[in-house]
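As a plain string of letters, each chain reads:
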Amino acid sequence: MSKEAGEYKNLGNDAYASGRHTHAIAYYTTAIELDPTNAALFSNRAAAYTKIEEFQKAKYDADMCIELRPEWPKGYWRKGTAEIEAQEYKQAVATFEKGLERSPTDQNLVDGKRKALQMAAVVDNIVGQEYGEFDIDAPAPNPNPVPEPAAAAREADITDAQPTAAPANDGPWPGTMEEEVERINKATDHYSILHVPQDASPEQLRKNYHTLAKMLHPDKCKLPRGEEAMKNLSIAYGTLNNDVKRKNYDAYMEARKDNGGNGETFAEWDHRRQETNLPPWLLKMQQYRGCALVVVILLLIILIPLVLLIVLIALIFYFICVFPRECVLRCCFPQQWEEYKVRKEEEQRKARQRMDEEMQDALHRNV
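Here the structure is a predicted model, which is why all the values come from computation and not from measurement. (Residues numbered from 1 in each chain as written. Predicted model: local features only at pLDDT ≥ 70, side-chain atom pairs only at ≥ 80, totals over all residues. Heavy atoms only, no water.)

1. Points about the overall build of the protein
Now for step 1: Within the protein one finds 18 helices and 0 strands.
Now for step 2: A fraction of 55% describes how many contacts in the protein between residues 6 or more apart in sequence connect residues 24 or more apart.
Now for step 3: Summing over all exposed atoms, the protein offers an accessible surface of approximately 23100 Å²; the carbon and sulfur share of this is 56%. (Helix = DSSP H or I, 4+ residues; strand = E, 2+ residues; numbered from the N terminus. Contact = heavy atoms within 4.5 Å. Areas by Shrake-Rupley, 256 points an atom, 1.4 Å probe, with all protein chains shown as cover.)

Following this line, the structure appears as structure tokens:
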């Protein structure tokens, strides 16, 4: 799992734990778009859909989980739980039994089957008849067989499960793994890689990418050029799934059409376009080697003294505002402090002398 997909998964887990199931679904959906072959993401989203009673979507995600990791019991448990909540008890029994065929000792599947059997018996009032005495080890008949994942998605009318092919007359799509690898590696543009028209919606892009990514995942596709095809597919989807990049890519397609196709790739075209949009003075600077380093050094020479001056002024104002005048004079201006002290003492002496004279005058007047 990629780092970004893992971050969205963790956000979804936190939202799920706090009861914000709709937010959790949004986070899991984003993570699935980033890593569409991770079964755990579908499992988690199935649990969130079950919580908000979107049982059809929960079952679809559980089917995807089973398809991606058939040996993992969690997918069967998610689907069976959704079917129990949807009151489809017989289908749930069949789902748990399928899981137990692969993981006979999984306690979640054992408990799930027991619960489904009990609920089915209560609803249908067939205790001791069709399902015996709820013997977990005894095979239970399945009056409503659960179809395979792809068929289940179609019957449930889950449109998200169906890839949307481009309107092309090149036979059924998708083809075999070998055909898709060859087609993708020979494709001349991103839309052809994803097998969609140029006006395809984001939903169409996501569906087709999801379908191809499952087919070309390195764990499944061992063809010599399979890794190259998967890389091209990821680049195409990463470009077209971003609104800004897609707009630039459409402009590139138009430019290539006007030029008759000069062999320039999108990366080369986009790099050249960005260069031509730079200011002339910056383009001029780029022509000289080491120019950027010189500019950085000059900026440091100018900025460092300026910063030091600002700090010094701030400290001076701080001392003036916080400390009394006497402290500032004593610490920073010792000569002025001595003069100030002498002047202060002289003023105090004169003040005392004046007070003494006034007291003497008052005594004489009283006599």
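2. Looking at the UniProt feature "repeat: TPR" (unreviewed entry) in the protein
Now for step 1: Per the UniProt record, "repeat: TPR" (unreviewed entry) is found at residues 5-38 and 73-106.
Now for step 2: Secondary structure content for residues 5-38 is 79% helix and 0% strand, and the end C-alpha separation is 10 Å.
Now for step 3: Within residues 73-106, the helical portion is 79% and the strand portion 0%, while the C-alpha atoms at the span's ends are 7 Å from each other. (UniProt positions renumbered as here; feature names shortened; annotations may be inferred.)

3. Side note on empty space enclosed by the protein
Now for step 1: This model, assessed by the stated rule, comprises 1 cavity of 30 Å³ or more.
Now for step 2: Empty space within the largest cavity amounts to approximately 40 Å³.
Now for step 3: If you trace the largest cavity, you find it lined by I32, E33, P36, R206, Y209, H210 and Y237.
Now for step 4: Counting residues per element, the ones that place at least two in the lining of the largest cavity are α2 (21-34) and α11 (202-216).
Now for step 5: Its residues placed into classes, the lining of the largest cavity shows 4 nonpolar, 1 polar and 2 charged. (1 Å grid on protein atoms, 1.4 Å probe; cavity = no way out; pocket = protein on both sides within 12 Å on 5 of 7 lines; lining within 4 Å. Points joined across faces, edges and corners; volume = space filled by probe spheres on them. Nonpolar A, V, L, I, M, F, W, Y, C, P; charged D, E, K, R; others polar.)

4. Some remarks on the pattern of salt bridges
Now for step 1: Summed over the entire model, instances satisfying the criterion amount to 13 salt bridges.
Now for step 2: Close ionic contact of K113 with E97 constitutes a salt bridge, the shortest N to O distance being 3.3 Å. Linking K113 in helix α7 (residues 107-124) with E97 in helix α6 (residues 89-102), this pair joins segments that are 16 residues apart in sequence.
Now for step 3: As a salt-bridge pair, R225 and E228 come within 3.0 Å of each other at their nearest N and O atoms. (Salt bridge = Lys/Arg side-chain N within 4 Å of Asp/Glu carboxyl O.)

5. Section: the nonpolar core
A general feature of soluble globular proteins is that nonpolar side chains tend to end up buried together.
Now for step 1: Formed by 26 residues in total, the largest nonpolar core has its most connected members in L194, L205, Y209, L216, L233 and Y249.
Now for step 2: Elements represented by at least two residues in this core include exactly α9 (177-186), α10 (190-194), α11, α12 (226-240), α13 (243-259) and α14 (266-276).
Now for step 3: Beyond its immediate chain neighbours, meaning those up to four positions away, L216 contacts M177, V181, I184, C221, A229, M230 and L233.
Now for step 4: Residues Y76, Y89, F96 and L117 belong to the second largest nonpolar core, which totals 13 residues. (Core = buried A, V, L, I, M, F, W, Y, C linked by side-chain atoms within 4.5 Å. Buried < 20%, exposed > 50% of the residue type's maximum accessible area, 1.4 Å probe, protein only.)

6. Observations concerning the packing of aromatic side chains
Now for step 1: In the structure shown here, the tally under the stated rule is 3 aromatic pairs.
Now for step 2: Ring plane angle 5° and centroid distance 4.0 Å describe the contact between Y209 and Y237, whose orientation is recorded as stacked. Within this pair, whereas Y209 is found in helix α11, its partner Y237 is found in helix α12, the two being separated by 28 residues in sequence.
Now for step 3: Judged by its relative accessible area of 5%, Y237 is buried.
Now for step 4: When the centroid spacing of 5.5 Å and the interplanar angle of 50° are considered together, the rings of Y249 and Y252 count as tilted. Pair noted here: Y249 and Y252 are both in helix α13, with a separation of 3 residues, about one helical turn.
Now for step 5: An aromatic cluster is defined as three or more aromatic residues linked by ring pairs; in this entry it consists of Y191, Y249 and Y252.
Now for step 6: The side chain of R69 reaches across the aromatic face of W72, ending 4.3 Å from its centre. (Phe/Tyr/Trp six-rings, centres within 6.5 Å; stacked < 30°, edge-to-face > 60°. Lys NZ or Arg CZ within 6 Å of the ring centre and 35° of its normal.)

7. Things to note about the environment of R225
Now for step 1: Relative to the helices and strands, R225 resides in the loop between α11 and α12.
Now for step 2: We classify R225 as partly exposed; its relative accessible area is 42%.
Now for step 3: Residues R225 and V181, 44 residues apart in the sequence, show an inter-C-alpha distance of 6.9 Å.

8. Observations regarding the confidence of the model for the protein
Now for step 1: Residue-level pLDDT values for the protein average 78, and 77% of them are 70 or greater.
Now for step 2: Segment residues 125-169 is flagged for pLDDT under 50; beyond a separation of four residues in sequence, or across chains, it makes 83 contacts in the model. (pLDDT = per-residue confidence, 0-100.)

9. Section: unusual backbone geometry
Now for step 1: At E53, a residue that is not glycine, the phi angle is positive and equals roughly 65°.
Now for step 2: As for its position among the elements, E53 is in the loop between α3 (39-51) and α4 (55-68).
Now for step 3: If you check the backbone angles, H195 has positive phi at about 60° while not being a glycine.
Now for step 4: When its relative accessible area of 5% is taken as the criterion, H195 is described as buried.

10. Remarks on the layout of surface pockets
Now for step 1: Its boundaries defined by the atoms lining it, the second largest pocket holds a volume of some 260 Å³.
Now for step 2: Around the second largest pocket sit 17 residues that line it, and T188, H190, Y252, T265 and F266 are the ones nearest its centre.
Now for step 3: Of all elements in the fold, only α9, α10, α12, α13 and α14 reach the threshold of two or more residues within the lining of the second largest pocket.
Now for step 4: Top element by residues in the lining of the second largest pocket is α13. It accounts for 3 residues.
Now for step 5: Here the lining of the second largest pocket is built from residues that sort into 8 nonpolar, 6 polar and 3 charged.

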